[in-house]
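Close look at the chain arrangement
Each chain, written out:
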Amino acid sequence: MRVQEIMTRRIATVHQDDRLEFVRNIFTQSAFRHLLVLNSQEQLCGIISHADMSRALSPYLGTDAEVERDRDTLQRRVHQVMSRDVLTITGAATLQSAARIMLEHNIGCLPVMDNGKLEGLVSWKDLLRQVIK
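These notes cover the structure that comes with them. (Residues numbered from 1 in each chain as written. Predicted model: local features only at pLDDT ≥ 70, side-chain atom pairs only at ≥ 80, totals over all residues. Heavy atoms only, no water.)

Moving on, we come to the pattern of salt bridges. A full pass over the atoms with the stated rule returns four salt bridges. Two residues, Asp 52 and Arg 55, come together in a salt bridge whose shortest N-O distance is 2.6 Å. One end of the pair is Asp 52 and the other is Arg 55, both in helix 3 (residues 50-56) and three residues apart, which spans about a single turn. In this structure, the salt-bridge partner of Asp 126 is Arg 129, at a minimum N-O distance of 2.9 Å. With a gap of three residues between them, Asp 126 and Arg 129 both fall in helix 6 (residues 124-131), about one helical turn apart. For Asp 126, a relative accessible area of 6% gives the class buried. (Salt bridge = Lys/Arg side-chain N within 4 Å of Asp/Glu carboxyl O. Helix = DSSP H or I, 4+ residues; strand = E, 2+ residues; numbered from the N terminus. Buried < 20%, exposed > 50% of the residue type's maximum accessible area, 1.4 Å probe, protein only.)

The subject of this paragraph is the pairing of strand 3 (residues 44-49). By the criterion of burial, strand 3 is predominantly enclosed, with five of the six residues buried. Bridge analysis of strand 2 (residues 34-38) against strand 3 gives five bridges, and the strand direction is antiparallel. Bridge pairing links His 34 to Ser 49 in strand 3. Taking the residues between adjacent antiparallel strands as the criterion, strand 2 and strand 3 are bridged by five residues, where Glu 42 takes a positive phi near 65 degrees. (Pairing = 2+ DSSP bridges.)

Side chains of Trp 124, Leu 128, Val 131 and Ile 132 sit close together on the surface and give an oily, nonpolar patch of about 470 Å² of accessible area. Its place among the elements puts Leu 128 in helix 6. Looking at Leu 128, the relative accessible area reads 45%, which means it is partly exposed. (Patch = residues over 30% accessible without salt bridge, like charges linked within 9 Å, V, L, I, M, F, W, Y side chains within 5 Å. Areas by Shrake-Rupley, 256 points an atom, 1.4 Å probe, with all protein chains shown as cover.)

Attention now moves to unusual backbone geometry. Backbone geometry places Glu 42, a non-glycine residue, at a positive phi of 65 degrees. Tracing the sequence through the fold places Glu 42 in the loop between strand 2 and strand 3. We classify Glu 42 as partly exposed; its relative accessible area is 48%. One non-glycine residue, Asn 106, lies in positive phi territory at about 50 degrees. Here Asn 106 is to be found in the loop between helix 5 (95-105) and strand 4 (109-114). The class of Asn 106 is exposed, set by a relative accessible area of 72%.

Each pocket or cavity is described by its volume, and for the largest pocket that value is around 430 Å³. In terms of lining residues, the largest pocket is bounded by 16 residues, among which Ala 31, Phe 32, Arg 33, Ser 123 and Lys 125 are the most central. Looking at the lining of the largest pocket, the elements with two or more residues in it are strand 5 (117-123) and helix 6. By residue number, the principal contributor to the lining of the largest pocket is helix 6, which donates four residues. Classifying every residue of the lining of the largest pocket gives six nonpolar, five polar and five charged. Surrounding the second largest pocket, 14 residues form its lining, Ile 47, Ser 83, Ile 107, Gly 108 and Cys 109 being those nearest its centre. By residue class, the composition of the lining of the second largest pocket is six nonpolar, six polar and two charged. (1 Å grid on protein atoms, 1.4 Å probe; cavity = no way out; pocket = protein on both sides within 12 Å on 5 of 7 lines; lining within 4 Å. Points joined across faces, edges and corners; volume = space filled by probe spheres on them. Nonpolar A, V, L, I, M, F, W, Y, C, P; charged D, E, K, R; others polar.)

This is the structure we're talking about:
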């Protein structure tokens, strides 16, 4: 089976200069756990996960202990937090090769690129769904 058969085609993107407050709103309002990051030329330049964002925000946000310094973490930019060295895969790749890459690099998803164009995203959840079918 090929990646293109199971990949998620409905992907969410943000721009590298967006603020973490915007990213947090997306994660809060959707089931996404990874957002692909685009540069000003609309090219893939990074990825930000829910875990990346959570690590970058103050743990005191929304608590009685919250102070201005905690709220300031929401103003950080995506490029300050995102992973830059994004591994990608093609839609024609096998599910085994996608799983191998994710395991070897301890990552949760791979953007799917074909001829330099972003086509989708394959995550560990997509792979697990195939195992239980």
